[in-house]
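Observations on chain architecture
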Amino acid sequence: MRTSMRWLLWASPFSFIGKNKRRFFHVTVKQQLYSSPFSSYAVGNGQMTIASALAFSAESKSLVLGTKVHSQLIKLGCRNDTFIQNNLIRMYMKCECLDDALGVFGEMPEKNLVSWTLIISGAVQNGASEVGLAVFLEMRRNGFVPNEFALGSIIKVCSAESGCGGIFCYEFFGLYLHALSLKIGIDKNPFVRSSLMHMYAMFGTIDATEKVFEHEENFSDIACWNAMIGGYAQNGFGFEALKTMSMMHSRGMTLDEFTFINSLNGCSVLGDLELGEQIHGLVIGSGMDMSTSVQNSLVAMYFKGGGKDSASRVFNKMVKKDVVSWNTVLSGFSQDCDVQKVAELFQSFMILGFKPNRITFSILFRLCGEVSDLGLGLQIYCLSFRFGYTAESHVASSIVFMFSRCGETRMARSFFDSLSSRSISILNEIILGYNLIQDEEAVWLFSNIWQLCIEVDWRTFSSTIEACFNTGYPQLGRQIHGIIIKSGFSSHGHVCGSLIRGYITFGLVKDSFAFFYGLNQLDLVCCGTMISALVHQGFNNDAIRFLNCRNWEGEKLDDFILSSIFTSCANLASLQLTKSVHSLVIKLGFEKYVSVASAAIDAYSKSGDLESAVMTCSLSSSADAVLFNCMIMAYAHHGQVLEAMRIFDKMRLDNLQPSQSTFVSVLSACSHKGLVDIGHTLFESISSDYGMNPSRDNYGCYIDLLSRNGLLEDAKSVISAMPFPSWPAILRSMLNGCRIHGNKPLGEWAAKELSKLVPADNAAYILMSRMHSEDGDWEAAARVRKGMVDEGNLKPMGCSWVEV
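Residues numbered from 1 in each chain as written. Predicted model: local features only at pLDDT ≥ 70, side-chain atom pairs only at ≥ 80, totals over all residues. Heavy atoms only, no water.

What follows covers the overall build of the chain. Assigned secondary structure in the chain consists of 46 helices and two strands. For the chain, the residues scored as buried account for 47% of the 804 residues in total. When contacts within the chain are restricted to residue pairs at least 6 apart in sequence, those whose partners lie at least 24 apart make up 62%. By element, 54% of the accessible surface of the chain is carried by carbon and sulfur atoms, the whole surface being about 40000 Å². (Helix = DSSP H or I, 4+ residues; strand = E, 2+ residues; numbered from the N terminus. Buried < 20%, exposed > 50% of the residue type's maximum accessible area, 1.4 Å probe, protein only. Contact = heavy atoms within 4.5 Å. Areas by Shrake-Rupley, 256 points an atom, 1.4 Å probe, with all protein chains shown as cover.)

Now the structure itself:
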């Protein structure tokens, strides 16, 4: 009975009708409606004609035809027929008229399982998850047992709304739905099973996803395989996703477009272009290379793996590009902040007649914010206003982001105030924007939001906590902490991290430990945040003690924690401690992780053991730019400039793209050895050979190189011509160079500029005093030191230690 009812509901004998026959169809339906008496609708042709008319309206999304049929049904007095009303609900849902569908549903004197299922699935498909959930609960209260379509739709709601909303927890409700599917015996239905797997994957419980997959009887359903591959990719298990796809392929199963899309997402997680190219070959061999969705995933995979040229080739060969294709390529070039390329692509996009959507505008606004291009951002703002997207939540958040990153917090606040409705994401973005410039405003805005009883989320609390501690008033942070506890967010990982960082920033180490051990659930994320914050604020011994005293209860340390501990060892310059931590790393199997290996190299180098640093680098099988940078810096730190240059040459031979950090390391090596010509050539090659703009650190190393070697006029010219305002470090470098080479006029200029930037810094006084003393002008030296005392800039007492 259920199967025949679904056939009557969805089957349409007119589904084959082309455009040239639609007029005939409309006339036929109209004649049937007017000529057939009411009694003929009970059975026979009349009912099927109306069902066919409504099915055609739904298929073509013709709301005009559907409402005309509905009006004739009301006139004929047959609107209380359950079968006809179900078809009306389906038509309105397909035409995205949820309110009209609910109106028909509410007027039904008798509802069957199909009626409830249509409302539930239609509401979910139209983005009204809360309506679908409410109808589902009402259906259960009325004693109806859900079928696979109703249950699968509500499981999708739990997937999209993972977490807790108020007193309702979607994760617990998802477990209830799983138990219900087992109780009523539809847990083996492919649609329900794949929906459950997707739900558990979205919850981040990949073990539960695997258990649902393992209960597959003959492992023949492709939807479950795709859900398993997608679940692995969603949770960052790229290797497992590709392994599952390989097993699927070895079983002789047909790979569809969803298989390839999920597998390519797994490649993106791994960042492995070679595997991605192999899957690309499978795509071509299976004939899926003409699928627009698969091609979009290929473009995204190549961009995420660094294969920009390959991504461009796939995009250019696409026959049928859609808006998603253009958004993917715009997002890919936006990652490199290539404004010119993005502008050219967007111009082509508009010329070809495509209409930008909310994703398009979000990408463009965020790019303008990243590069601080307010002029371009305002032009795009006008275009988005014309298309009517400025009030859309995602676009509005991106607009606030753009204004904030461009330093225009007033414009961001003005736009924020002009919005009729403000989502949580927009509130969070404006608070983050204030955090960049005006922390007090961020706290004040949060206070207003809280007084208006507007619901906030963990992002709001995390941003506000950071703003509180940035203002220099820890007591205010404690008050917000109290609000967080009352709101039930005190155990959230990101909020806990913000609180820990805030307390440690103000030196309140005891408070941070008290808060940490007061948490009900302690995970590696919180532990990692604790250790990282301690190391970052200089509490290196506390970080080591925390690692030793913490009862890990069988938990395995991760690479983030071990890298932070190595940083602490480097700060302490403790060789014995470095060796102890390194032995632990080898025991746990983390020695080949790039982040851990690079931190170990730095720790060994700063502890004076260059041989162990070289050995650590050789143990890592991957040729990574980060490791090369660390080795270059290690050799430079020990004065072995020729070895540092050899590493740099090897890096180029391995076709590794040097980063800004690479040039910082090499230029520092040249500076310590006095290789002015080589350093000058390297600095020029940053833009000429590699197409990058020199960073502030690159300029700092280059100016230090010139100053150390007496090219003080050149150093001053570089300071005047660089695209950044001066900062204290480069002025100290130049002032020290003036002291070494006895250039008093330039030294006085550098000291004056340094005093303007940081009046409380005593470096200018000390270096100028030493310059006068070394020149024999003791009176001038005394005057400088007296001025330092008068200003209250006393030099702190130095200290040193030797490890025994």
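According to the stated counting rule, one finds zero disulfides in the structure shown. Here Cys368 stays unpaired: no disulfide links it, and the sulfur of Cys406, its closest cysteine neighbor, is 7.2 Å away. Residue Cys368 is classed as buried on the basis of its relative accessible area, which comes to 1%. Among the cysteines around Cys701, which has no disulfide bond, Cys670 carries the closest sulfur, lying 9.9 Å off. The exposure class of Cys701 is buried, given its relative accessible area of 13%. (Disulfide = S-S within 2.5 Å.)

Time to look at the nonpolar core. Grouped burial of nonpolar side chains is what soluble globular proteins tend to show. In terms of nonpolar packing, the biggest core is built from 167 residues, with Ile89 and Phe136 touching the most fellow members. The element that contributes the greatest number of residues to this core is helix H7 (residues 113–125), accounting for eight residues. When neighbours within four sequence positions are excluded, Phe136 is seen to be in contact with Ile120, Pro146, Leu151, Ile154, Phe173, Leu177 and Leu180. Tyr604, Leu667, Cys670 and Ala751 belong to the second largest nonpolar core, which has 53 residues in total. (Core = buried A, V, L, I, M, F, W, Y, C linked by side-chain atoms within 4.5 Å.)

Quick look at the packing of helix H34 (residues 575–588) against helix H35 (residues 594–606) now. At a minimum axis distance of 10 Å, the contact between H34 and H35 shows a crossing angle of 160°. As far as their axial angle goes, H35 and H34 are roughly antiparallel. In the packing of H34 onto H35, the handedness of the crossing is left-handed. For the pair formed by H34 and H35, the contact residues are Leu575, Thr578, Lys579, His582 and Val585 on the first element and Val596, Ala603 and Tyr604 on the second. Classifying every residue of the contact of H34 with H35 by side-chain character gives five nonpolar, two polar and one charged. (Axes fitted to C-alpha atoms, helices over the stretch in contact; angles between N-to-C directions. Parallel < 35°, antiparallel > 145°, perpendicular 65-115°, else oblique. Left-handed = near helix turned anticlockwise from the far one by under 90°. Nonpolar A, V, L, I, M, F, W, Y, C, P; charged D, E, K, R; others polar.)

A separate point is the pattern of salt bridges. Under the criterion given, the structure shown has eight salt bridges. Note that Glu429 is salt-bridged to Arg366, the shortest N-O span being 3.3 Å. In this pair, Glu429 sits in helix H25 (residues 424–437) while Arg366 sits in helix H21 (residues 358–371), placing the two residues 63 residues apart along the sequence. By relative accessible area, which is 9% here, Glu429 ends up buried. With its nearest N and O atoms 3.1 Å apart, the salt bridge here joins Arg413 to Asp417. Of the two residues, Arg413 and Asp417 both sit in helix H24 (residues 409–418), four residues apart, roughly one turn of that helix. For Arg413, a relative accessible area of 17% corresponds to the buried category. A residue is classified by how much of its surface remains accessible, and Asp417, at 42% relative accessible area, is partly exposed. (Salt bridge = Lys/Arg side-chain N within 4 Å of Asp/Glu carboxyl O.)

Let us now look at helix H15 (residues 257–270). The terminal C-alpha atoms of H15, which comprises 14 residues, lie 20 Å apart, in line with the 20 Å expected from a rise of 1.5 Å per residue. Inspection of H15 places Thr259, Phe260, Ile261, Asn262, Ser263, Leu264, Gly266, Cys267 and Ser268 among the buried residues, and these make up the whole buried set. On its buried side, H15 packs onto helix H13 (222–234), helix H14 (238–250), helix H16 (273–286) and helix H17 (292–304). The N-cap residue of H15 is Asp256: its side-chain oxygen and the backbone nitrogen of Phe258 are 3.2 Å apart. Gly271, located one to two residues past H15, shows a positive phi value of around 70°. (Expected span 1.5 Å × (residues − 1). Polar contact = N/O pair within 3.5 Å; in protein donor to acceptor, adjacent residues only side chain to side chain.)

What follows concerns the packing of aromatic side chains. If you walk through the whole model with that rule in mind, you get 24 aromatic pairs. Relative to Trp116, the ring of Phe105 has its centre 5.1 Å away and its plane inclined at 80°; by these criteria the two rings are edge-to-face. In this pair, Phe105 sits in helix H6 (residues 98–107) while Trp116 sits in helix H7, placing the two residues 11 residues apart along the sequence. Among the residues examined, Trp116 registers a relative accessible area of 5% and is labelled buried. With 6.2 Å between their ring centres and 50° between their planes, Phe361 and Phe387 make a pair best called tilted. One end of the pair, Phe361, is in helix H21; the other, Phe387, is in helix H22 (residues 374–387), with 26 residues separating them in the sequence. The exposure class of Phe387 is partly exposed, given its relative accessible area of 25%. Between the NZ or CZ atom of Lys321 and the centre of the ring of Phe315, over which it lies, the distance is 5.0 Å. Cation over ring: Lys341 sits above Phe333, and NZ or CZ is 5.5 Å from the ring centre. (Phe/Tyr/Trp six-rings, centres within 6.5 Å; stacked < 30°, edge-to-face > 60°. Lys NZ or Arg CZ within 6 Å of the ring centre and 35° of its normal.)

This part covers the packing of H14 against H16. Interaxial distance between H14 and H16 falls to 13 Å at its minimum, and their mutual angle equals 30°. One element, H14, and the other, H16, form an angle in the roughly parallel class. Along this stretch, H14 crosses H16, giving a crossing that reads as left-handed. Contact with H14, carried on its side by Leu242, Met245 and His249, involves Leu275, Ile279 and Leu282 of H16 and no other residues of that element.

Now for the side chain of Ser598. Positionally, Ser598 belongs in helix H35. Take Ser598: its relative accessible area is 10%, and that puts it in the buried class. Other than its neighbours up to four places away in sequence, Ser598 contacts Val626, Leu627 and Cys630.

Our next topic: helix H12 (residues 206–214). Every buried residue belonging to H12 is among Ile206, Thr209, Val212 and Phe213, and all of these are buried. Down the axis of H12, the buried side of the element spans an arc of 115°, and every buried residue falls inside it. For H12, the exposed residues lying more than 90 degrees away from the buried face are Asp207, Lys211 and Glu214. (Arc of directions from axis to C-beta.)

What follows concerns the confidence of the model for the chain. The share of residues in the chain with pLDDT of 70 or more is 83%, and the mean pLDDT across the chain is 80. Within the model, pLDDT remains below 50 along residues 1–45, and this stretch shows 53 contacts once partners closer than five positions in the same chain are excluded. For residues 163–167, every residue scores under 50 in pLDDT, and the model assigns this stretch six contacts once sequence neighbours within four places are set aside. (pLDDT = per-residue confidence, 0-100.)

What follows concerns the environment of Arg646. Structurally, Arg646 can be placed in helix H38 (residues 641–653). Measuring from C-alpha to C-alpha, the distance between Arg646 and Ile632 comes to 8.7 Å, with 14 residues separating the pair along the chain.

Turning our attention to the environment of Met245. Tracing the chain through its elements places Met245 in helix H14. Here Met245 falls in the buried class, since its relative accessible area comes to 6%. For the pair Met245 and Leu255, spaced 10 residues apart in sequence, the C-alpha separation works out to 8.6 Å. Ignoring any residue separated from it by four or fewer positions in sequence, one finds Met245 in contact with Ile229, Leu255, Thr259, Ser263, Ile279 and Leu282.

Along the chain, His481 falls in helix H28 (residues 474–487). What makes His481 buried here is its relative accessible area of 9%. Aside from chain neighbours lying at most four places away, what touches His481 is Ile465, Leu499, Tyr503 and Phe515.

Most of the time, phi is negative for any residue but glycine, and the peptide bond is trans. The phi torsion at Glu96 lies on the positive side, around 60°, for a residue other than glycine. Along the chain, the position of Glu96 falls in the loop between helix H5 (82–94) and H6. Its identity is not glycine, yet Cys337 carries a phi of approximately 55°, on the positive side. Secondary-structure assignment places Cys337 in the loop between helix H19 (323–335) and helix H20 (339–351).

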